[in-house]
Amino acid sequence: MSAGPLKDSFGRSMDYLRLSITDRCNLRCVYCMPEGQSGPSSQLELPQIERVLRVMGSLGVKKVKITGGEPLVHPDIAQIVHLAKNVPQIQNVTLTTNGLLLDRLAEDLIKAGLDAVNISLDTLDPSRFQYLTRRDHLPEALAGLDRALGSGSLAVKVNCVPTATSPFEDLLALARLAKDRPLHVRFIELMPIGLGLGQTRLDPEKLMALLTEAYGPLTPVDRQLGNGPAAYYSAEGFMGKIGFISAVKSCFCERCNRIRVTPDGYLKTCLHMDRGLKLPLDDEANNDAALAEMIQKAVWNKPASHLFHKQDEGRGENRLMSRIGG
Ligand code: SAM
Ligand code: SF4
């Protein structure tokens, strides 16, 4: 079957799928997931995932980011990576994880063909980690980071979501990981979605000034690194780069190339808007060609941009980020 490519009515092409395979998680980050699970949890099963990947590949998707919830709590995670890597059109399969289970699973994930891993880490301070994630698991997260780096075969990025209350020393210590280790550190601007609405974001310009004061001038990097909209900078003496993903401050929707599938099988055409389609993944009456056509129609109607600045008017997403996958 060859149905692609996947285009929207604004001329943008979608070749990047963020596949959120479960909304369960072993942390409870304060800006992402409440302590108590509200409503039943959802998880995509292997046959559903296989179908999504096959049809998305036929529609021109080349890159897949597996996310959650925490993707490593899905019992079939290595098989899911393997499935994705075996779709002929899909060239790049990566994961975003809190890293807690990475020490245990890295070997299987690498064998399955995983290309890269993004590890979400907001602090290196144990008590602050406990406050931010409501769990006392910093050692496991750091072991996961070490294992990923030690593997030698995974590209590693660290993602941090700073807030207005993040101690500056935490952010400097995280940035410093890119000085001593072969990884990039990216600062993701807090988005007003789900529990993020109850937190105050840190202005990326303020953070940039802080980093410059501590580590000297940050020089913009011209070439594109990775799949995403991050703006990268190099600092003198750093092995890796520092990246900023500032979706609120600098909207990059006009370059958007991504679509999402949530753990309940909903094709989400915009991170912030409830626009898309519940995919009939278990419905035998809809063959792959019919499913591909439905996806094409939904993507054609992808919104032009997020409405973060109109969130106060109730325009935007009501799902938790732990259900969307970031
Ligand atoms: N559990 C995995 C992890 O933490 O990487 C994957 C799922 S998590 C939802 C994906 C990313 O979304 C993480 O980097 C997390 O920090 C980020 N995130 C969660 N809530 C956010 C918010 N309100 N604004 C910006 N990023 C957020
Ligand atoms: Fe879990 Fe990731 Fe959300 Fe933290 S950011 S609660 S680790 S899904």
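The coordinates are above.
Residues numbered from 1 in each chain as written. Chains lettered and ligands numbered in written order. Predicted model: local features only at pLDDT ≥ 70, side-chain atom pairs only at ≥ 80, totals over all residues. Heavy atoms only, no water.

Draft legend 1. How the structure looks around the packing of helix 1 (residues 46-58) against helix 2 (residues 77-85). It is at 10 Å that the axes of helix 1 and helix 2 come closest, and there the two elements cross at 25 degrees. The angle between the axes of helix 1 and helix 2 places the two elements in the roughly parallel class. Helix-helix and strand crossings are classified by hand; for helix 1 and helix 2 the assignment is right-handed. Residues Leu46, Ile49, Glu50 and Leu53 of helix 1 form the contact with helix 2, whose own contacting residues are Gln79, Ile80, Leu83 and Ala84. Residues belonging to the contact of helix 1 with helix 2 are distributed by class as follows: 6 nonpolar, 1 polar and 1 charged. (Axes fitted to C-alpha atoms, helices over the stretch in contact; angles between N-to-C directions. Helix = DSSP H or I, 4+ residues; strand = E, 2+ residues; numbered from the N terminus. Parallel < 35°, antiparallel > 145°, perpendicular 65-115°, else oblique. Left-handed = near helix turned anticlockwise from the far one by under 90°. Contact = heavy atoms within 4.5 Å. Nonpolar A, V, L, I, M, F, W, Y, C, P; charged D, E, K, R; others polar.)

Draft legend 2. Focus on the pattern of salt bridges. Taken as a whole, this structure holds 17 salt bridges when the rule is applied. The residue Arg54 makes a salt bridge to Glu50 at a minimum N-O spacing of 3.6 Å. Separated by 4 residues within a single helix, Arg54 and Glu50 lie in helix 1, roughly one turn from each other. Given the relative accessible area of 35%, Glu50 is considered partly exposed. Shared partners join several salt bridges into a network, and the residues in it are Glu50, Arg51, Arg54 and Asp288. (Salt bridge = Lys/Arg side-chain N within 4 Å of Asp/Glu carboxyl O. Buried < 20%, exposed > 50% of the residue type's maximum accessible area, 1.4 Å probe, protein only.)

Draft legend 3. Spotlight on the sheet that holds strand 2 (residues 63-67). If you trace the 12 strands from one edge of the open sheet to the other, you get 7-8-9-6-5-4-3-2-1-10-11-12, paired in mixed fashion. Here the strands that pair on one side only, and so sit at the sheet edges, are strand 7 (218-220) and strand 12 (276-278). Neighbour-to-neighbour, the strand axes of the sheet open up by a mean angle of 25 degrees, direction not taken into account. In terms of strand pairing, strand 6 (residues 184-188) meets strand 9 (residues 242-245) through 4 bridges, oriented parallel. Considered in strand 9, the bridge of Val185 is made with Ile242. Strand contacts of helix 2: strand 2 and strand 3 (92-97), with the helix running at about 150 degrees to strand 3, the strand carrying the most contacts. (Pairing = 2+ DSSP bridges.)

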